[in-house]
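Architecture and fold: a report
Here is what each chain is made of, one letter per residue.
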Amino acid sequence: MIDIFSLTKTALEAILLQQGIRRFRADQIFTYIYGRHVFDWDEMILLPKKDRDVLKAKLPIYFPRLLARQEAADGETVKLLLELHDGETVETVLMKHDYGNSVCLSSQVGCAVNCAFCASAKNGFVRNLSVGEMVVQLLAFRKYVTPDLHSVVIMGTGEPLLNYDNVLAFLRLIHEKDTFYLGYRNMALSTSGIVPAVDRLAAEGLPLTLAISLHGPTNAIRRQIMPLTDTYDVPAVIAAGDRYFAATGRKVTYEYILIKNVNCTPACAEELARLMKGKNILINLIPINDNYDVGLRRPARREIDAFARYLKERGIPVTLRREMGSRIRAACGQLRIRREQEES
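Residues numbered from 1 in each chain as written. Predicted model: local features only at pLDDT ≥ 70, side-chain atom pairs only at ≥ 80, totals over all residues. Heavy atoms only, no water.

The condition that has to hold: UniProt positions are given in the numbering used here, feature names are shortened, and annotations may be inferred rather than shown by experiment.
As recorded in an unreviewed UniProt entry, the chain goes by Probable dual-specificity RNA methyltransferase RlmN and comes from Megasphaera vaginalis. Recorded under Sequence similarities (unreviewed entry), the UniProt text for the chain is reproduced unchanged: "Belongs to the radical SAM superfamily. RlmN family." In its Subcellular location (unreviewed entry) section, the UniProt entry covering the chain states "Cytoplasm".

Below, the structure is given as structure tokens:
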């Protein structure tokens with residue numbers, strides 16, 4: 001089945017011509033979908049009925065069912081749980097910032113990377129999301145929450161670089177003027193550090209913001225948090241980040257989740273500062289979300305502040321992530337898992 005949400009306007013025009021439908025109808029269809037948020041052929045009344053009947057048979061539209069919506073009391077975070085055509089579910093989060101609304105998208109159902117702190121992999125990897133299944137996450141916010149979208153981060157459930165082709169096709173599609181017309185500099189991609197794919201991404205020539213999950217300054221510590229370290233160790237991951245910067249000129253962000261008695265010690269801060277000295281990077285410190293039981297604890301505020309201060313005093317650019325959505329279980333996988341538990 002062809003998914004209309006995965007099509008460029010040029011691809012849709014080709015399908016229309018094959019069905020004996022005039023090319024300009026593609027403009028009308030894209031206006032309905034991306035401008036008016038209409039996802040039913042019968043409601044696209046500018047199209048002749050005979051054309052709509054052909055398209056219903058050739059290009060049936062499935063728009064995900066909204067299973068759950070959670071909104072933080074301050075209104076700054078909204079999370080949606082969507083049911084896909086095969087009954088699988090995917091969650092996505094809108095975060096309201098001073099500069100505009102940012103949507104955190106998922107790229108897979110489940111995850112195979114199995115980071116210790118993350119709920120996404122609790123029930124294993126299921127499948128990759130298609131281009132269209134990523135597009136409809138954005139359209140769902142336009143339909144149910146707000147049409148105003150400033151930026152996209154692929155930082156939800158899944159490892160985007162293990163779904164490379166679909167993710168890149170998605171980013172190129174939402175960049176097009178007839179869809180969301182988002183600039184590449186308004187797109188960010190977060191990876192656990194799939195080194196060959198990072199190099200492939202660097203060669204694409206797109207000025208994307210790349211965030212790499214580091215979470216440990218040594219292989220021994222990172223391996224406790226991210227089993228993927230056995231395949232792509234700390235030096236290899238950082239070297240890939242250096243090559244990405246050299247190829248794109250885009251500063252790489254290293255995400256570092258802070259876990260008590262694991263990677264938030266003075267010795268860890270010292271080693272991290274040594275690794276990053278002189279690099280044009282940013283360290284994004286993220287106190288662990290302790291709203292669900294993964295057996296890991298959040299450091300005390302004084303430990304967090306001391307870790308950040310040590311890096312800053314040694315000239316390492318550091319940010320402490322502004323926490324949004326913790327009260328609505330907005331971390332990756334939490335809403336999906338809770339619904340599965342309720343239904344079991």
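**A look at the domain arrangement of the chain**
Keep this limit in mind: Where each domain begins and ends follows an automated or database-derived domain assignment. The contact criterion used is simple: two residues touch if any of their non-hydrogen atoms lie within 4.5 Å. A quick way to say it: buried area is the sum, across both parts, of accessible area lost when two parts are put together, with a 1.4 Å probe. In what follows, salt bridge is the name for a side-chain nitrogen of Lys or Arg lying within 4 Å of a carboxyl oxygen of Asp or Glu. Contacts described as polar in this section are N or O atom pairs within 3.5 Å, which, within protein, must combine one atom able to donate a hydrogen with one able to accept it, while residues neighboring in sequence count only if both atoms come from side chains. Helix and strand assignments come from DSSP, with helices taken as H or I runs of at least 4 residues and strands as E runs of at least 2, each series counted from the N terminus. Classification convention: Asp, Glu, Lys, Arg as charged; Ala, Val, Leu, Ile, Met, Phe, Trp, Tyr, Cys, Pro as nonpolar; all other residues, Gly among them, as polar.
Each domain of the chain was delimited in the assignment, giving domain 1 (4-58) and domain 2 (65-343). Distance from the C-alpha centre of domain 1 to the C-alpha centre of domain 2: 34 Å. Residue-level contacts link 10 residues of domain 1 with 13 residues of domain 2. Where domain 1 abuts domain 2, roughly 1,000 Å² becomes buried across the two surfaces, and 71% of that area is made up of carbon and sulfur atoms. Among the residues domain 1 hides against domain 2, the three largest losses belong to Phe 5, Tyr 34 and His 37. Together they make up 55% of the total. Here domain 1 is connected to domain 2 by 1 salt bridge. Linking domain 1 with domain 2 are 1 residue pair in polar contact (both at pLDDT 80 or more). It is helix 2 (residues 25-36) that provides the largest number of residues to the side of domain 1 that touches domain 2, a total of 3 residues. Tallied by class, the residues present in the side of domain 1 that touches domain 2 amount to 6 nonpolar, 3 polar and 1 charged.

**Structural notes on the side chain of Asp 51**
With respect to the element layout, Asp 51 can be found in helix 3 (residues 49-58). With residues near it in sequence (within four places) discarded, Asp 51 still touches Ile 21 and Arg 25.

**Considerations on the nonpolar core**
Spelled out, the test is: We call a set of buried Ala, Val, Leu, Ile, Met, Phe, Trp, Tyr and Cys residues a nonpolar core when their side-chain atoms join them within 4.5 Å. Type-normalised accessible area, obtained with a 1.4 Å probe on protein chains alone, sets the label of each residue: buried when under 20%, exposed when over 50%, and partly exposed for intermediate values.
Core analysis: the biggest nonpolar cluster contains 105 residues, and Ile 29, Phe 170, Met 276, Ile 283 and Phe 307 have the highest contact counts within it. Counting residues per element, this core draws most heavily on helix 4 (residues 131-144), which supplies 8 residues. Counting the residues that make up this core, at least three belong to each of domain 1 (4-58) and domain 2 (65-343). Apart from the residues within four sequence positions on either side, Ile 283 is in contact with Tyr 254, Tyr 256, Leu 272, Met 276, Leu 311, Ile 316, Pro 317, Val 318 and Thr 319. Residues Val 93, Met 95, Cys 104 and Val 153 belong to the second largest nonpolar core, which totals 5 residues.

**Here we look at the confidence of the model for the chain**
Test applied: pLDDT: the predictor's confidence for each residue, scored from 0 to 100.
Residues with a pLDDT of 70 or more make up 92% of the chain, whose mean pLDDT is 92. Low pLDDT (under 50) marks residues 325-330, which in the prediction has 19 contacts with non-local residues, meaning those over four places away or in another chain. Confidence over residues 333-344 falls short of pLDDT 50; this stretch has 35 contacts with residues more than four positions distant or in other chains.

**Thoughts on helix 3**
Rules: To obtain the arc, one takes the directions from the helix axis to the C-beta atoms.
Of the positions making up helix 3, those classed as buried are Asp 51, Arg 52 and Leu 55. One face of helix 3 carries all of its buried residues, which in axial projection span an arc of 100 degrees. Set apart from the buried face of helix 3 by more than 90 degrees, the exposed residues are Lys 49, Lys 50 and Ala 57. Buried residues in helix 3 make contact with helix 1 (9-18) and helix 2.

**A word on the pattern of salt bridges**
Scanning the model with the defined rule gives 22 salt bridges in all. Residue Asp 230 pairs with Arg 223 through a salt bridge whose shortest N-O separation is 2.5 Å. Overall, the relative accessible area of 57% leaves Asp 230 in the exposed class. In this structure Arg 223 comes out as partly exposed when scored by relative accessible area, which is 38%.

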